[in-house]
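# An overview of the molecular structure
The primary structure of each chain is shown beneath.
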Amino acid sequence: MGLLITDSTLRDAHQSLIATRMRTRDMLPIAEMLDKVGFFALDVWGGATFDVCLRFLNEDPWLRLRDLKEKVKNTRLQMVLRGQNLVGYRHYSDDVVREFICLAVKNGVDVFSIYDALNDMRNVKLAIEVAKDQGAFAQGAICYTTSPVHTVEKFAEMARTLQSFGCDSICIKDLAGLISPWTASELVKAIKKRVSIPVALHSHCSSGMAHMGYHAGVLAGVDILDTAFSAFGGGASLPPTEGVVAAFRDTPFDTGLDLDLLYEIGEYFVALSRKYGPLFTTELIHPSVDVLTHQIPGGMFSNLVNQLREQNILDRLGEVMEEIPRVRADLGYPPLAAPVSQLVVTQAVLNVLSAKRYKRVTEELKNYFLGYYGRPPSDVNEEVKKFVVGDRKPIEARPAELIASEWELTRYAGQKLGVLRDEEDFVTYALFPQLAVRFLRGELEEEAMPDILEAADSSASPLESPVELSVDVDGEVFNVKVSPPLGKALEVEQTRVAKKISRGAIVSPLRGMVLRIEVEVGEKVKKGGVIAVIEALKMENKVSATHTGVVREIFMREGQRVGAGDVLGVVD
Ligand code: MN
């Protein structure tokens with residue numbers, strides 16, 4: 001049998017290159033043609049799809065899946081599933097995992113590519129079993145990374161475990177594009193020795209080695225390769241579908257796919273890439289060996305750039321990139337796969353922004369040290385752990401074991417809201433409660449596409465460029481960027497600064513959304529007591545009282561977007 005190809009243009013490619021911004025309306029016109037090719041599967045859903053659809057595109061992710069299913073009648077639809085994290089950023093209870101997978105199958109998913117960011121096999125077992133129960137194809141994915149503790153033998157053992165769970169195939173998921181051709185070959189051979197199921201190789205061109213890795217992998221026995229059409233391939237994305245198919249033509253590995261048809265489809269994506277042109281960043285189009293050090297996957301990188309831009313701190317990108325490997329080492333060398341990648345990157349950002357490393361930490365980081373994500377690949381930095389969680393002992397159990405059933409509670413809370421229409425809405429609500437409600441109430445808008453002309457015009461006069469100011473508030477220095485129009489912005493900033501200086505002001509540390517307000521007006525709070533939780537950089541950030549006192553005013557409401565430095569309330 002020839003080589004099989006899973007095309008990921010509609011999922012991983014745009015997740016890696018343009019922060020998952022491809023719209024469903026741009027996918028549907030080419031779906032029937034894609035179905036004609038004879039791919040093993042079309043990877044179209046999961047990963048960041050779900051979150052981005054709601055947060056930025058004002059799209060129902062379930063509808064995308066159903067619409068694609070209607071057009072793709074012959075080819076399997078694949079999704080990437082973060083094990084017990086599903087498509088979210090935390091562990092969900094077992095019953096939510098079951099509901100999600102059953103509904104995904106019902107709506108059209110045929111293949112689940114299931115991984116755990118820490119490669120903790122306990123976190124993927126249930127998802128694999130449920131997928132199998134539902135008659136779906138379960139691919140067990142191993143997150144590839146390099147570190148002093150990761151070896152070919154260890155990875156190969158994981159493959160054996162995944163087969164024992166009932167997996168139909170194994171995927172070497174080289175999400176950041178780190179695997180060398182030599183290692184690809186060694187790893188494939190080692191896995192093939194231990195399992196009898198097909199082996200897939202999934203690599204990104206980030207470092208420039210993926211094409212060679214694919215060739216070496218195939219010679220060593222790989223059965224399935226993941227690719228993306230060339231207009232959305234290469235760089236931070238996957239090797240190009242057309243090129244890979246051409247490379248193995250007239251060899252024992254011939255895919256049998258029609259190159260002319262691929263070329264025709266490729267033209268559609270070339271045109272589409274022009275439409276999304278302004279969203280492509282140079283750093284992601286061109287490979288860089290730097291990724292071998294920082295290990296940030298493409299999808300994460302485009303996200304990071306967006307998040308830093310949103311926080312107005314894009315100029316600190318270099319420092320953040322240098323801090324990431326240090327945080328990763330402190331955490332016991334996790335592969336930088338979602339949701340742990342977000343946790344590591346956000347902590348690196350906070351470490352760069354704070355005077356002292358780990359002075360400000362997210363709730364997620366505490367949970368990581370307490371074992372609520374699973375077992376880190378190796379020992380964590382004990383000093384950092386103690387600083388973050390004190391003497392608390394990490395849990396030994398599988399994390400979801402300790403999560404009480406969430407589904408009935410979700411149903412109960414969801415019903416009271418009166419906006420959830422069907423089972424799919426309930427699952428969306430279980431995963432992203434705040435976003436789901438705002439989405440269903442029609443409060444979210446589709447993010448505007450940047451104008452090509454606007455993006456090309458970088459010749460703004462110096463007067464219109466942002467002005468940076470340092471503002472000292474009670475001994476803490478805030479960097480304030482003033483954007484044009486200058487006069488108006490300065491006025492606003494001055495009011496903000498004036499508000500900040502006012503005694504007892506509780507200030508938002510980052511730009512984000514108010515998740516929860518934990519106090520009421522008139523309530524007494526102690527220094528360090530939690531006032532509110534802000535979701536920023538996709539993580540939960542507690543805002544604490546800087547001194548003991550009484551809450552006099554609250555200027556925010558749950559679900560509201562706040563800027564860095566905004567006064568959220570007053571405690572005096
Ligand atoms: Mn990938």
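All of the points below concern the structure found in this document. (Residues numbered from 1 in each chain as written. Predicted model: local features only at pLDDT ≥ 70, side-chain atom pairs only at ≥ 80, totals over all residues. Heavy atoms only, no water.)

## A short note on a negative patch on the surface
Formally: Each patch is built from residues lacking any salt bridge and having more than 30% relative accessible area; the joining distance is 9 Å for like charges and 5 Å for nonpolar side chains (Val, Leu, Ile, Met, Phe, Trp, Tyr). Per-residue accessibility takes into account occlusion by the displayed protein chains alone, with areas from the Shrake-Rupley method and a 1.4 Å probe. Each salt bridge in this description consists of a side-chain nitrogen of Lys or Arg and a carboxyl oxygen of Asp or Glu lying within 4 Å of one another. Under the counting rule used here, the positive set is Lys and Arg, the negative set is Asp and Glu, and His together with the chain ends is not counted. Where a charge lies is defined by one atom per residue type: Lys uses NZ, Arg uses CZ, Asp uses CG and Glu uses CD. Accessibility here uses a 1.4 Å probe with only protein chains present; expressed as a share of the type maximum, an area under 20% marks a residue as buried, one over 50% as exposed, and anything in between as partly exposed.
A cluster of acidic side chains, namely D258, D260, E264 and E267, defines a negative patch on the protein surface. In this structure E264 comes out as partly exposed when scored by relative accessible area, which is 44%.

## Description of the pairing of strand β12 (residues 512-517)
Using the following cut-off: Strand pairing is defined by DSSP finding a minimum of two bridges between the two strands. By the criteria applied, helices consist of DSSP H or I runs no shorter than four residues and strands consist of E runs no shorter than two, each listed in order from the N terminus.
Note that β12 and strand β17 (residues 561-562) share 2 bridges and pair antiparallel. Paired with M513 across the bridge in β17 is R561. Relative to strand β14 (residues 530-536), β12 runs antiparallel, the two sharing 4 bridges. Within β14, the position partnered with I517 by the bridge is A532.

## Details of the pattern of salt bridges
Taken as a whole and judged by the stated rule, the model has 37 salt bridges. The closest approach of N and O atoms between D12 and R11, which form a salt bridge, is 3.6 Å. Residue classification places R11 among the buried positions, given a relative accessible area of 3%. Between K366 and E363 there is a salt bridge, and its shortest N-O distance comes to 3.2 Å. Residue K366 and its partner E363 are both found in helix α17 (residues 363-369); the two are separated by 3 residues, about one turn of the helix. Judged by relative accessible area, E363 falls into the buried class, the value being 15%. Via salt bridges that share partners, E153, E157, R160 and R194 belong to a single interconnected network.

## As for the environment of R357
Cut-off, in case you're wondering: The definition of a polar contact used here is a pair of N or O atoms within 3.5 Å, where within protein one atom must be able to donate a hydrogen and the other to accept one, and adjacent residues in sequence count solely through side-chain atom pairs.
Mapped onto the fold, R357 is located in the loop between α16 (340-353) and α17. Relative accessible area serves as the criterion here: at 33%, R357 is assigned to the partly exposed category. Separated by 80 residues in the primary sequence, R357 and G277 have C-alpha atoms spaced 37 Å apart. Among the polar contacts made by the side chain of R357, one reaches the side chain of D330 at a distance of 3.1 Å.

## Focus: the sheet that holds strand β6 (residues 169-174)
Put simply, the rule is: Lines are fitted to the C-alpha atoms to define the axes, a helix being fitted only along its stretch in contact, and any angle between axes, read from their N-to-C directions, falls within 0 to 180 degrees.
Judged by pairing direction, the barrel is parallel, and its 8 strands sit side by side in the order β1-β2-β3-β4-β5-β6-β7-β8 before closing back on the first. Put simply, the sheet's adjacent strands are angled 25 degrees from each other on average, direction ignored. Examined bridge by bridge, strand β1 (residues 4-7) and strand β8 (residues 224-227) share 4 bridges and lie parallel to one another. Opposite T6, over in β8, you have D226 as the bridge partner.

## With respect to helix α9 (residues 210-219)
As a reminder, the rule being used: In what follows, residue pairs with any heavy atoms lying within 4.5 Å of each other are defined as contacts.
Taken together, the buried positions of α9 are occupied by A210, G213, Y214, A216, G217 and V218. Looking at the buried residues of α9, the elements they touch are α8 (181-194), β7 (199-203), β8 and α10 (241-247). Count one or two residues on from α9 and you reach G221, which has phi positive near 120 degrees.

## Some thoughts on the coordination of the manganese ion
Selection rule: Each metal's donors are the N, O and S atoms within 2.8 Å of it, or within 3.2 Å when it is Na, K or Ca, and because water is not part of the set, sites may look incomplete.
Binding of the manganese ion to the protein goes through D12 (OD), H202 (NE2) and H204 (NE2), at separations of 2.0 to 2.2 Å. For the manganese ion, the donor residues sit on a single chain with the sequence spacing D-x189-H-x1-H. Of this pair, D12 sits in helix α1 (residues 9-17) while H204 sits in the loop between β7 and α9; the two residues are 192 residues apart in sequence, bridging distant segments of the chain. Accessibility assignment for this pair places D12 and H204 in one class, buried.

## Observations regarding the side chain of H204
Accessibility expressed as a relative area gives 2% for H204, which makes it buried. A distance of 3.2 Å separates polar atoms of two side chains, one belonging to H204 and the other to H202. Apart from the residues within four sequence positions on either side, H204 is in contact with D12, S16, D174, L175, A176, G177, A210, G235, A236, S237 and L238.

In short, geometric facts, not functional conclusions.
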